[in-house]
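Letter by letter, the chains look like this.
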Amino acid sequence: MPLKKGRTGGAPIFMKAVYPGSFDPITYGHIDLVERSSKIFDEVIVLVMENVNKKHFFAHEERMRMVRLAVSHIHNVTITTHSGLLVDFARENDVKVVIRGLRAVSDFEMELQMAHANKSMLADFETLFLMTETSNSFISSSMVREIASFGGDISKWVPPCVKGEFKRKLGK
């Protein structure tokens, strides 16, 4: 992918963005945002966050494996991990943009607060909100976990690698 020209037509700049989340598990909604972001930025870093205060259904390595498999078809995506403040990761990796998905108005309030907090900690860190596709607007990882735990079919909302991880973990 060609580098974008600087604002004044000068030297090319390499545009990269980070898409953070717990991805417990990754869904087609997440994958859609990664695909769309990959068409806007030269590199998209999918950041599988490690939050020791949050109880995850899937272990960190399981989530990393599912994310790697789910987005392996996108050439300009990097998958990595971080525990700590997102702004610290952005500062250390020279990332200027964070991608956040919005499913409904209810998502906006929390995401706006986080965007303002991030901006106050790192002045040149911008938040790009992307609306989810209508077909993905109701999908959440927690919904997928609940349906899978009761033996429901989750194949409309997650890739086969995630469905396989649920079968393995739940013994179904």
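Before any of the text, the structure's been laid out above.
Reading the values: rules and limits
Residues numbered from 1 in each chain as written. Predicted model: local features only at pLDDT ≥ 70, side-chain atom pairs only at ≥ 80, totals over all residues. Heavy atoms only, no water. Helix = DSSP H or I, 4+ residues; strand = E, 2+ residues; numbered from the N terminus. Rg over C-alpha atoms; globule rule 2.2 N^0.38 Å. Buried < 20%, exposed > 50% of the residue type's maximum accessible area, 1.4 Å probe, protein only. Contact = heavy atoms within 4.5 Å. Areas by Shrake-Rupley, 256 points an atom, 1.4 Å probe, with all protein chains shown as cover. Lys, Arg positive; Asp, Glu negative; His and termini not counted. Charge placed at Lys NZ, Arg CZ, Asp CG, Glu CD. Core = buried A, V, L, I, M, F, W, Y, C linked by side-chain atoms within 4.5 Å. Axes fitted to C-alpha atoms, helices over the stretch in contact; angles between N-to-C directions. Parallel < 35°, antiparallel > 145°, perpendicular 65-115°, else oblique. Nonpolar A, V, L, I, M, F, W, Y, C, P; charged D, E, K, R; others polar. Phe/Tyr/Trp six-rings, centres within 6.5 Å; stacked < 30°, edge-to-face > 60°. Lys NZ or Arg CZ within 6 Å of the ring centre and 35° of its normal.

S.K.: An account of the overall build of the protein chain is needed here, citing residue identities and associated values.
M.R.: What the protein chain contains, in helices and strands, is six helices and seven strands. In the protein chain, the order of α-helices and β-strands from amino to carboxyl end is β-β-β-α-β-α-β-α-β-α-β-α-α. Here the C-alpha atoms of the protein chain give a radius of gyration of 17 Å, agreeing with the 16 Å that 2.2 N^0.38 yields for 172 residues. Structurally, the protein chain occupies a C-alpha span of about 55 × 30 × 30 Å along its principal axes. Counting all 172 residues of the protein chain, 42% fall into the buried class. Pairs at least 24 residues apart make up 73% of the contacts formed inside the protein chain by residues separated by at least 6 positions. Accessible area for the protein chain stands at about 9500 Å²; split by element, carbon and sulfur atoms hold 57% of it. Here the protein chain contributes 23 positively and 20 negatively charged side chains, and the mean placements of these two sets differ by 3 Å.

S.K.: Give me the lowdown on the nonpolar core, citing residues and values where you can.
M.R.: Ranked by internal contacts, the top residues of the largest apolar core, which has 30 residues, are I26 and V71. Elements with a contribution of two residues or more to this core: β3 (16-21), α1 (28-38), β4 (43-49), α2 (60-70), β6 (97-102), α5 (141-149) and α6 (160-170).

S.K.: Give me the lowdown on the packing of α2 against α6, citing residues and values where you can.
M.R.: As a packed pair, α2 and α6 sit with axes 9 Å apart at the nearest point and diverge in direction by 150 degrees. For the element pair α2 / α6, the angle class is roughly antiparallel. Across the interface between the two elements, E62, R65, M66, L69 and A70 of α2 pack against C161, V162, E165, R168 and K169 of α6. Residues of the contact of α2 with α6, tallied by class, amount to five nonpolar, no polar and five charged.

S.K.: Please provide a residue-by-residue account of the environment of M64, values included.
M.R.: Counting through the fold element by element, M64 comes out in helix α2. With sequence-adjacent residues up to four places away left out, M64 is seen in contact with V48, I79, T80 and T81.

S.K.: An account of the packing of aromatic side chains is needed here, citing residue identities and associated values.
M.R.: The final tally for this structure, using the stated rule, is six aromatic pairs. Here F57 and F58 contribute two aromatic rings whose centre-to-centre distance is 4.9 Å and whose plane-to-plane angle is 85 degrees, an arrangement assigned as edge-to-face. Using a relative accessible area of 29% as the deciding quantity, one classes F57 as partly exposed. With relative accessibility at 1%, the residue F58 sits in the buried group. With a centroid separation of 6.2 Å and 90 degrees between ring planes, the pair formed by F138 and W157 is classed as edge-to-face. With F138 in the loop between β7 (126-131) and α5 and W157 in the loop between α5 and α6, the pair connects residues that are 19 residues apart, well separated along the chain. Residue class for F138 comes out partly exposed when judged on its relative accessible area of 44%. On the basis of relative accessible area, W157 is assigned to the buried category, the value being 12%. What links up through ring pairs into an aromatic cluster is the set F57, F58 and F166. Directly above the aromatic system of F57 lies the positively charged group of K169, at a separation of 5.7 Å from the ring centroid.

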